[in-house]
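# Structural features, examined
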Amino acid sequence: MSLSPPAEPPVRASEPALSSKPAAPAVTLPYNLPDLVCFAHLHWDFVWQRPQHLMSRFAQHGRVFYVEDAFYHADNLIEPHIEVKERQNGLKVLVVHLPDQLRHQEQNSEQAQYEVLRRYFEEQGVQDFIAWYYTPMAIGKSRGFQPVLTIYDCMDELAAFKFAPPALREREQELFQKADYVFTGGHTLYEAKSQQHADAHPFPSSIDKAHFGQARQEMPEPADQAGIAHPRVGFFGVVDERLDIELLRQLADAHPEWQFVIIGPVVKIDPAQLPRQQNIHYLGSKDYQELPAYLRGWDVATLLFADNESTKFISPTKTPEYLAAGRPVVSTPIRDVVRPYGDLNLVQIAATADEFGQAIAKALLQHQDADWRQRTDDYLATISWDQTWQQMVELMQKKLPSATTSTSTANSATA
């Protein structure tokens, strides 16, 4: 896709760092938990999001094993075995490798994965551990384990996603029976899951303010964005069935004077379906560490989500991340964005292409609104991934057997 000719960026008012008002005093908690085994459907190295934020914090204080989906080889020449990859804070990513013949033998595949994991955990001395699930489909390979505590961190309504396994809803009911707690990634999801589990707790998407706050300071412009003219209207995230590609198409047609920057991997949809106007620029996947530099160069950030089953329960992490970067935000009426961000007039909500265009035009002037900045920063001061993690730890310690926690290594965690 051809890039628009370079243009001088508009003159902006100076952008202060996040509010320097003192936050709530840090609380020191006794951190005393066993090993943690996380069963996930998301690859650790794919996109840095909720599992990475939380598990990397747990890994600062104890052993964390992050179990990904099995990898099937194209032949039957290998025996089932485990691959171990070390990541941040010593966290270990575990991938069970299986021969092709098990690809369509679900029961045999799950048993093989269980045996490989069981042997590995025995070698590592993993006995009393917390089982943390992001996908109910992992129940099949983990039924044989006896964790001391089971957490279902339900970050999305996975059954509503494209290509969801038919058995997912049934497995989720089984996981509800096993789980001591159900945590949800947003309030709308909590309203649904609290009807199915007696001890559900909402933990909406949070932020690493210091990381995204870098976008408020001077940063080098990424080379692949530097040649794109202003005004720039941006979006970052996974480009899948949740992105409203028709809305993007209509906005690009109606406003050729704006440049639309789309960052993220394209999955589950045909890239040929994406609109290809000259003022839409697909820059592909970027590392989490790179995102503030891209955000720094945007004039408006967007949540271009479609209104469909896959977005009914989402609570986009990027909402507070955009705001922490100092970017004005326009979103479609996603319920967990409307509440609280729209209700607090921190994010503009628009349902149609015409309304969205009007909201972007208004947002282009929002950099000059000192009141909006202050109200935004006041709200952001009340949330963080550290606080989310600490609140989860408090709940978990209430249900852990005292005999188990007393034999674990005692640590302390400061929010």
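Preceding this paragraph is the structure being described.
What counts and how
- Residues numbered from 1 in each chain as written.
- Predicted model: local features only at pLDDT ≥ 70, side-chain atom pairs only at ≥ 80, totals over all residues.
- Heavy atoms only, no water.
- Buried < 20%, exposed > 50% of the residue type's maximum accessible area, 1.4 Å probe, protein only.
- Helix = DSSP H or I, 4+ residues; strand = E, 2+ residues; numbered from the N terminus.
- Pairing = 2+ DSSP bridges.
- Axes fitted to C-alpha atoms, helices over the stretch in contact; angles between N-to-C directions.
- Left-handed = near helix turned anticlockwise from the far one by under 90°.
- Contact = heavy atoms within 4.5 Å.
- Nonpolar A, V, L, I, M, F, W, Y, C, P; charged D, E, K, R; others polar.
- Phe/Tyr/Trp six-rings, centres within 6.5 Å; stacked < 30°, edge-to-face > 60°.
- Lys NZ or Arg CZ within 6 Å of the ring centre and 35° of its normal.
- Salt bridge = Lys/Arg side-chain N within 4 Å of Asp/Glu carboxyl O.

Counting buried residues in strand β6 (residues 92–98) gives six out of seven residues, a clear majority hidden from the surface. The pairing of strand β3 (residues 64–67) with β6 spans three bridges and is parallel. The partner of Y66 across the bridge, within β6, is V93. Across two bridges, the pairing between strand β4 (residues 71–72) and β6 is parallel. What sits directly across from Y72, in β6, is L98. Inspection of the sheet shows strand β5 (residues 81–86) paired to β6 by six bridges, in the antiparallel sense. Bridging across to β6, H81 finds its partner in H97.

This brings us to the packing of helix α1 (residues 50–58) against helix α14 (residues 385–399). As a packed pair, α1 and α14 sit with axes 10 Å apart at the nearest point and diverge in direction by 65 degrees. The way α1 lies across α14 gives a crossing that is right-handed. Residues R50, H53, L54, R57 and F58 of α1 lie in contact with α14, whose contacting residues are W385, D386, T388, W389, M392, V393 and M396. Residue classes in the contact of α1 with α14 are distributed as seven nonpolar, two polar and three charged.

With that settled, consider the packing of aromatic side chains. Counted by the stated rule, this structure contains 25 aromatic pairs. Seen from their ring centres, F58 and W389 are 5.8 Å apart, and the 65 degrees between their planes marks the pair as edge-to-face. Of this pair, F58 sits in helix α1 while W389 sits in helix α14; the two residues are 331 residues apart in sequence, bridging distant segments of the chain. A relative accessible area of 5% places W389 in the buried class. Judged by centre distance (6.3 Å) and plane angle (45 degrees), the ring pair of F236 and W298 falls under tilted. Of the two residues, F236 sits in strand β11 (residues 232–236) while W298 sits in the loop between α9 (291–296) and β14 (300–303), which places them 62 residues apart along the sequence. With respect to class, F236 is no different from W298; both count as buried. The structure contains a cluster of three or more aromatic residues connected by ring pairs, namely W44, W48, Y66, F212, F236, Y288, W298 and Y322. Looking at K399, its charged tip hangs above the ring of Y181, at a distance of 4.4 Å from the centre.

If you walk through the whole model with that rule in mind, you get 23 salt bridges. Where R103 meets D100, a salt bridge forms, and the shortest distance between an N and an O atom there is 2.9 Å. Overall, the relative accessible area of 36% leaves R103 in the partly exposed class. K286 serves as the salt-bridge partner of D224, at 2.6 Å between the closest nitrogen and oxygen. In this pair, D224 sits in helix α7 (residues 223–226) while K286 sits in the loop between β13 (280–284) and α9, placing the two residues 62 residues apart along the sequence. The partly exposed category is assigned to D224, whose relative accessible area is 26%. Overall, K286 belongs to the partly exposed group, its relative accessible area being 21%. One salt-bridge network, in which partners are shared between bridges, spans E106, E110 and R171.

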